[in-house]
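Spelled out from the first residue to the last, the chains are:
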2 protein chains.
Amino acid sequence: MKLLKMHLAKPTFLIDKGKSIVKIEKMLKKSQRQGLIFRPHFKTHQSKEVGGWFREVGVQAITVSSFEMAEFFASDGWSDITVAFSVNPNEVETIKCLSGKVNLNVVLEDISVVDQLDSKLDSPIGVYIEINTGYHRAGLNPRDIDLITPLIQRLDKSHNFDFRGFLTFAGHSYHARSEKEILRVHSEYMEDMLGLKKEYISSNPMLELSIGDTPTCSIAEDFNGIGEMRPGNFIFYDLMQVIIGSCTRDQVSAIVACPVVAIHKDRGEIIIFGGAVHFSKEAINTKERGDYHGDVVMLQDGAWSCEETGAYLSWVTQEHGIVKAPESFINRIKIGDFIGVIPVHSCLTANLMKKSTLILNSENEAIEE
Amino acid sequence: MKLLKMHLAKPTFLIDKGKSIVKIEKMLKKSQRQGLIFRPHFKTHQSKEVGGWFREVGVQAITVSSFEMAEFFASDGWSDITVAFSVNPNEVETIKCLSGKVNLNVVLEDISVVDQLDSKLDSPIGVYIEINTGYHRAGLNPRDIDLITPLIQRLDKSHNFDFRGFLTFAGHSYHARSEKEILRVHSEYMEDMLGLKKEYISSNPMLELSIGDTPTCSIAEDFNGIGEMRPGNFIFYDLMQVIIGSCTRDQVSAIVACPVVAIHKDRGEIIIFGGAVHFSKEAINTKERGDYHGDVVMLQDGAWSCEETGAYLSWVTQEHGIVKAPESFINRIKIGDFIGVIPVHSCLTANLMKKSTLILNSENEAIEE
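Residues numbered from 1 in each chain as written. Chains lettered and ligands numbered in written order. Predicted model: local features only at pLDDT ≥ 70, side-chain atom pairs only at ≥ 80, totals over all residues. Heavy atoms only, no water.

Student: Sorry, what's going on with the overall build of chain A here?
Tutor: Within chain A one finds 13 helices and 21 strands. For 369 residues, the compact-globule estimate of 2.2 N^0.38 gives 21 Å, and chain A sits close to it at 22 Å. In terms of overall dimensions, chain A has C-alpha extents of about 70 × 40 × 35 Å along its principal axes. Across the 369 residues that make up chain A, the buried fraction comes to 63%. (Helix = DSSP H or I, 4+ residues; strand = E, 2+ residues; numbered from the N terminus. Rg over C-alpha atoms; globule rule 2.2 N^0.38 Å. Buried < 20%, exposed > 50% of the residue type's maximum accessible area, 1.4 Å probe, protein only.)

So this is what it looks like as structure tokens:
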């Protein structure tokens, strides 16, 4: 424990290895029970060390959100990678380079992209057609047969593309605030996706369905007919997932340790070194607190207690964080102490904190990466 | 121009060098007219190349927001550095190392921090007491003489601290929406700061006043009695500064070029590769648009037109950006094109885009850094 304390001088992202591995094993078992391929999304941690924990339990296929990330994990020996982001045709050189080295899948939705890439590729890549099952970000409407059918036909006409199936990210599960609401999103996308499978399975008997959001992967149990799941955030979870109902507070396995730099008792506020360059400006809104950026927990020698303190990160500027706290909490704190912040969105926080991350073993000692 | 086009494959932060230098010269002249030291804040650009443009016109003193940034610029030969952030006593080793190499100033507001640092320092550091002139982030109330006087006395008692004066960041100028509102913030902090000078100048004849926010530094003309100004954001400006009234749209000198990866005409939306890992989740709110993350402009061969397009970045997730756009704009765009986004907050964007920045000369050619 002393070891860790010596490391902490600045805001530091702390990852509890033991808790994280329990969640990997749980998600792996669920996918095995359902006969699904487990293709975890590595955009959450973006860490070769954390990636190794998945490899140790037998995971072989992964998801990332950019070709840059695909290159990063390919360099660590991952050889089956889906880039779950509408393919950017300007990156064709990277795609060519990657497709020569790994089993690469891309995601697209527009026939013009197939046309742009076709003449430039030299080894085949797998393609998933993205389906919008209600998040309304990218993807085709599952009922847009007039767009989907010609797209599949166009893919089938080329030797450079191997049509693998349909992929969706049901991100609207993030609007859920209970298990019941999560399950409603799940049953809606199941209907959409299974409908597409029924429509195209006779012409494309190998087609698979790929789903991905952490809330439904955490809570739902019936994935009959689906081929693979791609959850990412569950490796850490975060305050948003607690509020959605995907996990308990105790399952969150990463927080940011932040030094206290000023105390304003008269305003009920603590000022921390920990701002938008550490947490992003991701916010969650509750009636009592309005928009806020994280939940504050007590921290001792790297171990954090999940106990509610009533303190929360109410406002962030570039490097400053302003914590609203009850007097009882403020009285326990002095300048120079570290407090823990459960971030609203661990993916964005992990991305910002890459250079300032400590992985803790069961003794709360830092594991050198 | 061809040179630049070859570089663009992914989201890229484009900096117009010529426009940026015009603004540096303008701010330098203003500070010289007023007899102020110009100590620009380098947290905005965090770039040695951009820092060099300030050095070329004679700037010698700079501001940063962390000791890490101070080390970065010290390694580039900057020797007079103020870390304008409540000093974190856990970083005493870095402070000692820096204070041996450069003329270092820190900012604090609490006597307990002086006590914590005093026994550990071995060469003297400059200290500014931070004053809260209405932003209500860090700093002492200017009327809290009962806290300020003993703090100055405590600093004066030690050989390790050289009390330099009072520092404020009037960040509440960011709530202004007109020159008139900016000038009201300016006159209020001038009154607070000059009042403190009057109070303490006889006991501390060398004390100086330091002010910093970009809106008032851009618009106000009377800084009589102030010792130095520390604006940072003005080097790029951004959408927020346009809306505040600190600058015109044409003065913004940095944008993000983002590839279009999908088009949803039926929803009036364009999907770009450009999300929270590029822009942060900083938002601005207007009645017509609600919360949004940037203004979209046309981009050709690296040059952007400031003309209003009616298109804006309405929503960002980790890597995706969703642009709301009028039909006339969508009709001019195809997948694979790059569009420009004026970010809401250029400081956070520049921080995230450090590894993907291009500086453009007057021919819109990329300057290799």
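Student: How should the relation of the copies chain A and chain B be read in this particular structure?
Tutor: Two chain copies here: they are related by a rotation about an axis and a translation along the same axis. Between chain A and chain B, which share one sequence, the superposing operator has a rotation angle of 180° and an axial displacement of 0.0 Å; the RMSD is 0.0 Å. The symmetry that links the two subunits is that of a two-fold axis. An overlap of 100% is found between the interface residues of chain A and their copies at the interface of chain B, pointing to a shared contact surface. (Least-squares fit on C-alpha atoms with pLDDT ≥ 70 in both. Contact = heavy atoms within 4.5 Å.)

Student: Even after reading the chapter, I still don't get the side chain of Ser86 of chain B, so can you show me in this structure?
Tutor: Relative to the helices and strands, Ser86 of chain B resides in strand β4 (residues 80–86). The exposure class assigned to Ser86 of chain B is buried, which follows from its relative accessible area of 2%. With near-sequence residues (within four places) excluded, Ser86 of chain B lies in contact with Val261 of chain A together with Val107, Glu109, Glu130 and Ala138 of chain B.

Student: Please explain the interface of chain A and chain B as it appears in this structure.
Tutor: It is common to give the size of an interface as the accessible area lost on bringing the parts into contact. Each partner contributes to the interface: chain A provides 54 residues, whereas chain B provides 54 residues. The largest per-residue losses of area from chain A upon contact with chain B belong to Phe85, Arg137 and Gln318 of chain A, which jointly make up 16% of the total buried on that side. Applying the counting rule to chain A against chain B returns 4 salt bridges. The salt bridge involving Glu68 of chain B is made with Lys10 of chain A; its shortest N-O contact spans 3.3 Å. At the surface where chain A touches chain B, the tally comes to 24 residue pairs in polar contact (both at pLDDT 80 or more). Of all the secondary structure elements, the ones that give two or more residues to the side of chain A that touches chain B are α4 (67–74), β4 (80–86), α6 (111–118), β10 (254–264), β11 (269–273), α11 (276–279), β18 (320–324) and α13 (346–352) of chain A. Its residues placed into classes, the side of chain A that touches chain B shows 24 nonpolar, 18 polar and 12 charged. (Buried area = accessible area lost by both parts, 1.4 Å probe. Salt bridge = Lys/Arg side-chain N within 4 Å of Asp/Glu carboxyl O. Polar contact = N/O pair within 3.5 Å; in protein donor to acceptor, adjacent residues only side chain to side chain. Nonpolar A, V, L, I, M, F, W, Y, C, P; charged D, E, K, R; others polar.)

Student: Looking at this structure, how should I read the sheet that holds strand β7 (residues 161–167) of chain B?
Tutor: Pairing between the strands of a sheet is mediated by backbone hydrogen bonds and can be parallel or antiparallel. Taken in spatial order, the 8 strands line up as β2-β9-β8-β7-β6-β5-β4-β3 (chain B) in an open sheet, and their pairing is parallel. Both outer strands of the open sheet, β2 (37–38) and β3 (62–64) of chain B, are each paired with one neighbouring strand and no more. (Pairing = 2+ DSSP bridges.)

Student: Just checking my understanding: could you explain the packing of aromatic side chains for this structure?
Tutor: The geometry of two aromatic rings is summed up by the distance between their centres and the angle between their planes. Residue and element names in this part refer to chain A. Counted according to the given criterion, the structure contains 30 aromatic pairs over all chains. Judged by centre distance (6.3 Å) and plane angle (90°), the ring pair of Phe54 and Phe234 falls under edge-to-face. Residue Phe54 is found in helix α3 (residues 48–56), and its partner Phe234 is found in the loop between β9 (228–229) and α10 (239–244); the two are separated by 180 residues along the sequence. Overall, the relative accessible area of 1% leaves Phe54 in the buried class. (Phe/Tyr/Trp six-rings, centres within 6.5 Å; stacked < 30°, edge-to-face > 60°.)

Student: How do you make sense of the state of the cysteines when you look at a structure like this?
Tutor: Such a bond, covalent and formed between the sulfur atoms of two cysteines, is termed a disulfide. The final tally for this structure, using the stated rule, is 0 disulfides over all chains. A disulfide-free cysteine, Cys217 of chain A has its sulfur positioned 13 Å from the sulfur of Cys347 of chain A, the nearest such atom. (Disulfide = S-S within 2.5 Å.)

Student: Even after reading the chapter, I still don't get the packing of helix α7 (residues 145–157) of chain A against helix α8 (residues 179–200) of chain A, so can you show me in this structure?
Tutor: For any two helices packed against each other, one specifies the crossing angle of their axes together with the interaxial distance. All names here are of chain A. Direction vectors running N to C along α7 and α8 enclose 50°, while the axes themselves pass 12 Å from each other. Taken together, the axes of α7 and α8 lie oblique to each other. Here α7 and α8 pass one another in a crossing that is right-handed. Across the interface between the two elements, Ile145, Ile148, Thr149 and Ile152 from α7 touch Leu196, Glu199 and Tyr200 from α8. For the contact of α7 with α8, the per-class residue count stands at 5 nonpolar, 1 polar and 1 charged. (Axes fitted to C-alpha atoms, helices over the stretch in contact; angles between N-to-C directions. Parallel < 35°, antiparallel > 145°, perpendicular 65-115°, else oblique. Left-handed = near helix turned anticlockwise from the far one by under 90°.)

Student: Which parts of the structure should I look at to understand the sheet that holds strand β8 (residues 208–211) of chain A?
Tutor: Residues and elements named next belong to chain A. Reading across the sheet, the 8 strands line up as β2-β9-β8-β7-β6-β5-β4-β3 and stay open at both edges, with parallel pairing between neighbours. The two strands at the open ends of the sheet, each matched to only one other strand, are β2 (37–38) and β3 (62–64). In this structure, β4 lies alongside strand β5 (residues 103–108), joined through 5 bridges in parallel fashion. The partner of Ile81 across the bridge, within β5, is Leu104.

Student: Can you walk me through helix α5 (residues 92–99) of chain A in this structure?
Tutor: Counting along an α-helix, one turn takes 3.6 residues, and residues three or four places apart therefore face a common direction. By the burial criterion, the buried members of α5 of chain A are Val92, Thr94, Ile95, Leu98 and Ser99 of chain A. What you see down the axis of α5 of chain A is that its buried residues fit within an arc of 160°, all on one side. (Arc of directions from axis to C-beta.)

Student: How should the pattern of salt bridges be read in this particular structure?
Tutor: Any two side chains of opposite charge can pair, on the condition that their charged atoms come close. Under the definition given, this model contains 36 salt bridges over all chains. The salt bridge partner of Arg154 of chain A is Asp118 of chain A, with a shortest N-O separation of 2.9 Å. Linking Arg154 of chain A in helix α7 with Asp118 of chain A in helix α6, this pair joins segments that are 36 residues apart in sequence. Each of the two residues, Arg154 of chain A as well as Asp118 of chain A, counts as buried. The closest approach of N and O atoms between Arg164 of chain B and Asp162 of chain B, which form a salt bridge, is 3.0 Å. A relative accessible area of 22% means that Arg164 of chain B is categorised as partly exposed. Salt bridges here are not isolated pairs; linked through shared partners, they connect Arg249, Arg289, Asp295 and Glu308 of chain A.

Student: Hey, could you run me through the nonpolar core in this one?
Tutor: It is characteristic of soluble globular proteins that their nonpolar side chains tend to be buried jointly. The biggest cluster of nonpolar side chains holds 244 residues, and the ones touching the most others in it are Phe54 and Phe166 of chain A together with Phe54 and Phe166 of chain B. When near neighbours in sequence (up to four residues on either side) are disregarded, Phe166 of chain A contacts Tyr128, Ile129, Ile131, Ile148, Ile152, Met193, Leu196, Tyr200, Leu207, Glu208, Leu209 and Ser210 of chain A. (Core = buried A, V, L, I, M, F, W, Y, C linked by side-chain atoms within 4.5 Å.)

Student: What exactly am I supposed to notice about the pairing of β4 of chain A here?
Tutor: For a regular strand, side-chain orientation follows a simple rule: the groups alternate between the two sheet faces. All names here are of chain A. Counting buried positions along β4 gives 7 out of 7 residues, so the element sits mostly inside the fold. On the question of chirality, the crossover connecting β3 to the parallel β4 by way of α4 is right-handed. Crossover connection from β4 via α5 to parallel β5: handedness right-handed. (Right-handed = clockwise from strand over helix to strand, strands pointing away.)

Student: Just to check I follow, could you spell out the environment of Ile330 of chain B for this structure?
Tutor: Residue and element names in this part refer to chain B. Positionally, Ile330 belongs in helix α12 (residues 327–330). When the C-alpha positions of Ile330 and Ile270 are compared, they lie 7.3 Å apart, and in sequence the two are 60 residues distant. Ile330 has contacts with Ile263, Lys265, Gly268, Glu269, Ile270 and Ala325, leaving out every residue within four places of it along the chain.

Student: Quick question: what am I supposed to make of helix α2 (residues 17–33) of chain A here?
Tutor: Residue and element names in this part refer to chain A. Compared with an ideal rise of 1.5 Å per residue, which puts 17 residues at 24 Å, α2 spans 24 Å between its outermost C-alpha atoms and is within 8% of the ideal. The set of residues buried in α2 consists of Ser20, Lys23, Ile24, Met27, Leu28, Lys30 and Ser31. Taken down its axis, α2 places every buried residue within 160° of arc, on the same side. Of the exposed residues in α2, those oriented more than 90 degrees away from the buried face are Val22, Lys26, Lys29, Gln32 and Arg33. Among the structural elements, β1 (12–16), β2, α3, α9 (214–219) and β9 are those in contact with the buried residues of α2. Where α2 begins, the side chain of Asp16 points an oxygen toward the backbone nitrogen of Gly18, at a separation of 3.2 Å. Following α2 by one or two positions, Gly35 adopts a phi angle in the positive range, close to 70°. (Expected span 1.5 Å × (residues − 1).)

The values reported here are purely geometric and, on their own, carry no functional implication.
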